[in-house]
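These are the residues of each chain, in order.
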Amino acid sequence: MRCLVVLLAVLALSQGSGVTRVPLHKGKSLRKALKEHGLLEDFLKKHPYAISRKYSNLEKVASEPLANYLDCQYFGRISIGTPPQEFTMVFDTGSSDLWVPSVYCKSTACQSHHRFDPAKSSTFQNLNEPLSIQYGTGSMQGFLGLDTVTVSSIVDPQQTVGLSTQEPGSVFTYSEFDGILGLAYPSLASPYSVPVFDNMMQNHLVAQDLFSVYLSRNGQGSMLTLGAIDPTYYTGALHWVPVTVEEYWQFTVDSVTVNGVVVACDGGCQAILDTGTSMLVGPNSDILNIQSAIGATQDQYGMFDINCGNLGSMPSVVFEIHGRKYPLPPSAYTSQDMGFCSSGFQGEGDSQLWILGDVFIREYYSVFDRVNNRLGLAKAI
């Protein structure tokens, strides 16, 4: 899944007290890397596409299927410790923990990535608490510590950091990112772990207790803004949507229509706005209705292909949220790569939870407001 992985430029501009503008940079996806190494077909057989596992949190054990990170394309750096040690991260509004590989991890994936060395940081404190994040075919095992985390110009002291001692499989060997930084609510975090943005709020490091995301359609000029809303990235007014459950960034969708006819989410459904997911995901039956309405056909791996020549005549898919319509044109829900077109909609079993990922966020500038527990949406430029 295409993930929001943020390039936190060393020279990122701070505009006003506690407002940090962070440029986002696009890189190579894990799917492309696996394909280049001839490993993609084998991976797809062994790692079923299972979004909903990410959203089950039984006994406070976070769950992240490996396939969810296949299409991560936005990569960036943060630093941890004193003096700083740099890492490339996925920034994910669908999870709440921060973790990176440690020097104690001997897994193949860790060997090919930056690893944090607590002994080289004068500000590190070991919390002596275990961390375990379940994946589709194994688990990331590690422990929690405290250290200084620097995100662009923000220096975040006494931040909970997960350090892996074991990572599953060899798939992460080919990823461009080292770890994951969660931006969801603290109720989703592992025991004893405080999410990064919560720590920033508690230390008054942001001007407002909110952040906003602009994802450029062409991959250039994308921006994460911590502590502010930037009106230069959208047209018209922001429209606010209440958060219904303070775990993920969850809200109510009223319906999904094509050509004025309800094709999915009849009577309303719950959805999540998730920068850590590239696709737009829903229950199989609803998604099949949408795929049929747009003329997509399924391939052997469960992905849906589209005839690139039909883009000009395909319909918009309209999400009605909090009484307002948010249309997605074919250019938004279709991805093109090397002359092939595929649908940005993905079915996920019988899960009734919809996931609005980058397919939606690219069309609609998104504000994540922790003060008022609401999401702001406006048409992106």
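This write-up is about the structure you can find in this document. (Residues numbered from 1 in each chain as written. Predicted model: local features only at pLDDT ≥ 70, side-chain atom pairs only at ≥ 80, totals over all residues. Heavy atoms only, no water.)

**Examining the side chain of Thr160**
Along the chain, the position of Thr160 falls in strand β8 (residues 154-166). A relative accessible area of 3% means that Thr160 is categorised as buried. In terms of polar contacts, Thr160 uses its side chain to reach the backbone amide nitrogen of Val194, at 3.1 Å. Sequence-distant contacts of Thr160, that is, excluding residues within four places in its chain, are made with Leu98, Leu127, Leu144, Gly145, Leu146, Tyr192, Ser193 and Val194. (Helix = DSSP H or I, 4+ residues; strand = E, 2+ residues; numbered from the N terminus. Buried < 20%, exposed > 50% of the residue type's maximum accessible area, 1.4 Å probe, protein only. Polar contact = N/O pair within 3.5 Å; in protein donor to acceptor, adjacent residues only side chain to side chain. Contact = heavy atoms within 4.5 Å.)

**Regarding the side chain of Glu363**
Residue placement: Glu363 occurs in the loop between α7 (358-361) and β27 (364-369). Only 3.0 Å separates the side chain of Glu363 from the side chain of Arg217, close enough to count as a polar contact. When near neighbours in sequence (up to four residues on either side) are disregarded, Glu363 contacts Arg217, Leu328, Pro329, Ala332, Ala378, Lys379 and Ala380.

**Here we look at empty space enclosed by the protein**
Scanning the model with the defined rule gives 2 cavities of 30 Å³ or more in all. Estimates place the volume of the second largest cavity at around 50 Å³. The set of elements that each furnish at least two residues to the lining of the second largest cavity consists of α4 (196-202) and β11 (223-226). Counting residues per element, the lining of the second largest cavity draws most heavily on α4, at 3 residues. A per-class count over the lining of the second largest cavity returns 9 nonpolar, no polar and no charged. (1 Å grid on protein atoms, 1.4 Å probe; cavity = no way out; pocket = protein on both sides within 12 Å on 5 of 7 lines; lining within 4 Å. Points joined across faces, edges and corners; volume = space filled by probe spheres on them. Nonpolar A, V, L, I, M, F, W, Y, C, P; charged D, E, K, R; others polar.)

**Here's the deal with the sheet that holds strand β23 (residues 334-337)**
By way of backbone hydrogen bonds, the strands of a sheet pair with one another, either parallel or antiparallel. Strand order in the open sheet made by the 4 strands is β19-β20-β24-β23, with antiparallel pairing throughout. Strand pairing shows two members of the sheet lacking a second neighbour, β19 (297-298) and β23, which therefore form its edges. Here 2 bridges tie strand β20 (residues 304-306) to strand β24 (residues 340-343), and the two strands are oriented antiparallel to one another. Opposite Asp305, over in β24, you have Ser342 as the bridge partner. (Pairing = 2+ DSSP bridges.)

**What to know about the pattern of salt bridges**
In this structure the tally under the stated criterion is 6 salt bridges. A salt bridge links Glu363 to Arg217; the nearest nitrogen and oxygen atoms lie 3.0 Å apart. Here Arg217 lies in the loop between β10 (210-214) and β11 and Glu363 lies in the loop between α7 and β27, a separation of 146 residues in the sequence. Taking relative accessible area as the criterion, Arg217 reaches 41% and is therefore assigned partly exposed. Among the ionic contacts, a cluster of salt bridges with common partners joins Arg217, Glu363 and Lys379. (Salt bridge = Lys/Arg side-chain N within 4 Å of Asp/Glu carboxyl O.)

**Here's the deal with the packing of aromatic side chains**
For the structure on display, the rule yields 17 aromatic pairs. Plain terms: the ring middles of Tyr185 and Trp249 are 4.9 Å apart, the flat faces sit at 45 degrees to each other, and that makes the pair tilted. Residue Tyr185 is found in the loop between β9 (179-182) and α4, and its partner Trp249 is found in strand β14 (residues 249-253); the two are separated by 64 residues along the sequence. When its relative accessible area of 3% is taken as the criterion, Tyr185 is described as buried. (Phe/Tyr/Trp six-rings, centres within 6.5 Å; stacked < 30°, edge-to-face > 60°.)

**Remarks on the pairing of strand β21 (residues 317-321)**
Successive side chains on a regular strand alternate, one facing one side of the sheet and the next facing the other. Within β21, 4 of the 5 residues are buried, which leaves it mostly tucked inside the rest of the structure. For β21 and strand β22 (residues 324-328), the ladder comprises 5 bridges, and the chain directions are antiparallel. Residue pairing in the sheet places Val317 in a bridge with Leu328 of β22.

**Some details on the nonpolar core**
With 68 residues, the main nonpolar core has Phe319 and Trp354 as its most contacted residues. The biggest single contributor to this core is α4, with 4 residues. Not counting residues within four places of it along the chain, the set of residues in contact with Phe319 comprises Val253, Ser255, Val256, Leu280, Arg324, Lys325, Tyr326, Leu328, Phe345, Trp354 and Leu356. Counting 11 residues, the second-largest nonpolar core is a separate cluster that includes Val90, Ala109, Ile133 and Leu144. (Core = buried A, V, L, I, M, F, W, Y, C linked by side-chain atoms within 4.5 Å.)

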